[in-house]
Every structure is written in structure tokens, then in C-alpha cells.
Amino acid sequence: MNRFEGKTVLVTGGNSGIGLVTAQAFAAEGARVIITGRDEVTLATAAATLGKSALAIRNDAGSVAGARELGKRLAEEDVRLDAVFINAGIAKFSAFADVAESMWDESFDINVKGPYFQIQALTPLLNKGASIVLNGSINAHIGMPSSSIYAASKAALISLAKTLSAELLPRGARVNVISPGPVTTPLHTKLGLDPDSAEQLKNQIPLGRFGKSSEIAATVLHLAAPESGFIVGTEIVIDGGMIQL
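Cut-off values and rules
Residues numbered from 1 in each chain as written. Predicted model: local features only at pLDDT ≥ 70, side-chain atom pairs only at ≥ 80, totals over all residues. Heavy atoms only, no water. Buried < 20%, exposed > 50% of the residue type's maximum accessible area, 1.4 Å probe, protein only. Helix = DSSP H or I, 4+ residues; strand = E, 2+ residues; numbered from the N terminus. Pairing = 2+ DSSP bridges. Right-handed = clockwise from strand over helix to strand, strands pointing away. Salt bridge = Lys/Arg side-chain N within 4 Å of Asp/Glu carboxyl O. Expected span 1.5 Å × (residues − 1). Phe/Tyr/Trp six-rings, centres within 6.5 Å; stacked < 30°, edge-to-face > 60°. Axes fitted to C-alpha atoms, helices over the stretch in contact; angles between N-to-C directions. Parallel < 35°, antiparallel > 145°, perpendicular 65-115°, else oblique. Left-handed = near helix turned anticlockwise from the far one by under 90°. Contact = heavy atoms within 4.5 Å. Nonpolar A, V, L, I, M, F, W, Y, C, P; charged D, E, K, R; others polar.

Peer 1: Sorry, what's going on with the pairing of strand E2 (residues 32-37) here?
Peer 2: Two faces, one strand: in a regular strand the side chains alternate between the faces of the sheet. Extensive coverage of E2 is indicated by the burial of five of its six residues. Relative to E2, strand E1 (residues 8-11) is paired through four bridges, and the arrangement is parallel. Note on E2: the bridge partner recorded for Thr 8 is Arg 32. In this region the chain leaves E1, passes through helix H1 (residues 17-28) and returns to the parallel neighbour E2; the handedness of that crossover is right-handed. Relative to strand E3 (residues 55-58), E2 runs parallel, the two sharing four bridges. Paired with Gly 37 across the strands is Arg 58, a residue of E3. After leaving E2, the chain enters helix H2 (residues 40-47) and then returns to the sheet as E3, a path that is right-handed.

In C-alpha cells form, the structure reads like this:
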């Protein structure tokens, strides 16, 4: 299919993991893809897989100034956006008693404040009918020990999908959120789960396996396409039944 032929899509944190796989899926269906990330090397490598029209921009997802700079640059290049996947995020875990203020600030800057002001900066660039998809997490719905900061930041992001939907509907834009369960990505690898812990986590998933980035990407593309035009302010959980069964 070429659902995104002639469309322009932005994926934040599109240089690895779910973001990169989603960017590649958009490109495969004809979209011009713009990705952001902090690492110039992985950005360049990722952009090379997205076609000649792809654009890779180094950007700090937790910076309000960075959000505004991105919006300004895209405006200067006369970019109009048909879909935005707010994917860049951070996952840090710590026992409640050990949480430092710096961890709170970093997590909420990257997972909440950055996305909020990024969407604000991009709103003038949205075409009518544009779709914004936020990347949440099932951690917002479960009381996993040591996840208090991460879970709270993702719960805030899920709430934004509803309030920003109401704010942006007059512009003809839709906002929705996906909440993945455990997915095999570089981000989860960096969490340092030992084999036993990983196996215990997998055993909590009714399907008996971790998700694939391609499965998350497929849902993002569905929400970004006209076929989902009646889905607004909604959270779609993609977790192999982990919090449902």
C-alpha cells in the first residue's frame, strides 16, 4: 500500500528502536519522513534507510528551546506535516526511596514537557486532517515497583492525548496515544534486565513473548492514516494482553 504517498511525516526519536522502525514503515508507504534524535551518527545511519527525501535533524527532546527551534526550521523549509509520531522518550527506574529530583526533572522534561511544547511549536505546520500519535506505556496503568517516575510521566502523556485532541480538533487535527507493553528495543536492552528477570517479565504476557517494533509501527500507521479518521483522543494498548487478561 501507499497510504502516505505525497505526505510528510515527523518521527521524534526516529533514529533507533520503535521510532526508526516506524519511520521506515512510513517511508515504505510513500511518505517523506523527517526524524529527530540526539546522536548524529545514528541519525545519519537511520536517514540513509529512509529514502533520498528524508531529513534528519539533531534535536533535544526535553528542551523547550529545541522544540521551538525544530518548529522554526521546518517552517523556514516550508514543511507542512500530515502526521507526527511523538516517540522520543526516556525510561529510568528507581526505588521510591532512592529517587532524586534530577531523575524526576529529566524524565518529565523528556517525556512530558518536551512533547507538550513540541506539539505547540508544530501546530501551525499541520495540514488539515493531520494526525498526532503519542507514545505512552502500559506502565501508566500498573503499579510496577521502581517505576513511579516513568509511570507518572507516561500517565501525563496519555492525558494529553485527550486534552490536546479537544484543543486541536478545530484545526482538523486528531491526537491519539499508543501504550506498548514490553517490546524488544534498544531502550529495553539498556534497562539491564538479566535473563531471569526478562523471562519473568515475558511470563506475565499472555501471548508468551515480547512485542515487536514492527507491531507497534503498524498501529501508529493505522492511527496516522485517513482510515482511522473517527478515532480521536483514544489510547490503544499494545501489550499482548498483559494488562487485559
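Peer 1: Looking at this structure, I do not really get unusual backbone geometry. What am I missing?
Peer 2: Most peptide bonds adopt trans geometry, and most residues besides glycine take a negative phi value. Unlike most non-glycine residues, Asp 78 shows phi in positive territory, near 60°. As for its position among the elements, Asp 78 is in the loop between helix H3 (64-76) and strand E4 (81-86). Notably, Ser 146 is not glycine yet its phi reads approximately 75°, a positive angle. Of note, Ser 146 is situated in the loop between strand E5 (126-135) and helix H5 (148-168).

Peer 1: Explain the pattern of salt bridges here, please?
Peer 2: Any two side chains of opposite charge can pair, given that their charged atoms come close. Counted by the stated rule, this structure contains six salt bridges. The shortest N-O distance in the salt bridge between Glu 227 and Arg 3 comes to 3.0 Å. With Glu 227 in the loop between helix H8 (213-224) and strand E7 (235-238) and Arg 3 in the segment before E1, this residue pair connects regions lying 224 residues apart in the sequence. The partly exposed category is assigned to Glu 227, whose relative accessible area is 48%. Measuring nitrogen to oxygen at the nearest pair gives 2.9 Å for the salt bridge that ties Lys 92 to Glu 106. With Lys 92 in the loop between E4 and helix H4 (101-122) and Glu 106 in helix H4, the pair connects residues that are 14 residues apart, well separated along the chain. Beyond isolated ion pairs, a larger network of salt bridges with shared partners links Arg 3, Glu 29 and Glu 227.

Peer 1: Help me out: how do you make sense of H1 in this one?
Peer 2: An α-helical segment advances 3.6 residues per turn. Residues three or four places apart therefore align on the same side. Its 12 residues give H1 an end-to-end C-alpha distance of 17 Å, which sits within 8% of 16 Å, the value for a rise of 1.5 Å per residue. Listed as buried for H1 are Gly 17, Ile 18, Gly 19, Leu 20, Thr 22, Ala 23 and Phe 26. Where H1 terminates, the next one or two residues include Gly 30, which has phi positive at roughly 100°.

Peer 1: Help me understand the packing of aromatic side chains in this model?
Peer 2: Centre distance and the angle of the planes are the two values used to describe a pair of aromatic rings. All told, the structure shown has four aromatic pairs when counted by the stated rule. Between the aromatic rings of Phe 93 and Tyr 150, the centroid separation amounts to 5.3 Å while the plane-to-plane angle is 55°, which identifies the pairing as tilted. With Phe 93 in the loop between E4 and H4 and Tyr 150 in helix H5, this residue pair connects regions lying 57 residues apart in the sequence. Owing to a relative accessible area of 9%, Tyr 150 belongs among the buried residues under this scheme.

Peer 1: Where do I start with the packing of H1 against H8 in this structure?
Peer 2: Working note: a packed helix pair is described by the angle between its axes plus the distance between those axes. Orientation of H1 relative to H8, taken along the N-to-C sense of each, is 55°, at an axis distance of 8 Å. With respect to their mutual orientation, H1 and H8 come out oblique. Here H1 and H8 pass one another in a crossing that is right-handed. On the side of H1, the interface is formed by Gly 17, Ile 18, Val 21, Thr 22, Ala 25 and Phe 26, while H8 contributes Ser 213, Ser 214, Ile 216, Ala 217, Val 220, Leu 221 and Ala 224. Among the residues forming the contact of H1 with H8, the class breakdown is nine nonpolar, four polar and no charged.

Peer 1: Looking at this model, I keep getting lost on the environment of Lys 113. Mind explaining?
Peer 2: By secondary structure assignment, the location of Lys 113 is in helix H4. Residue classification places Lys 113 among the partly exposed positions, given a relative accessible area of 33%. Residues Lys 113 and Leu 168, spaced 55 residues apart in sequence, show a C-alpha to C-alpha distance of 18 Å. Once residues lying within four places of it in the same chain are set aside, the contact partners of Lys 113 are Gly 62, Val 64 and Phe 108.

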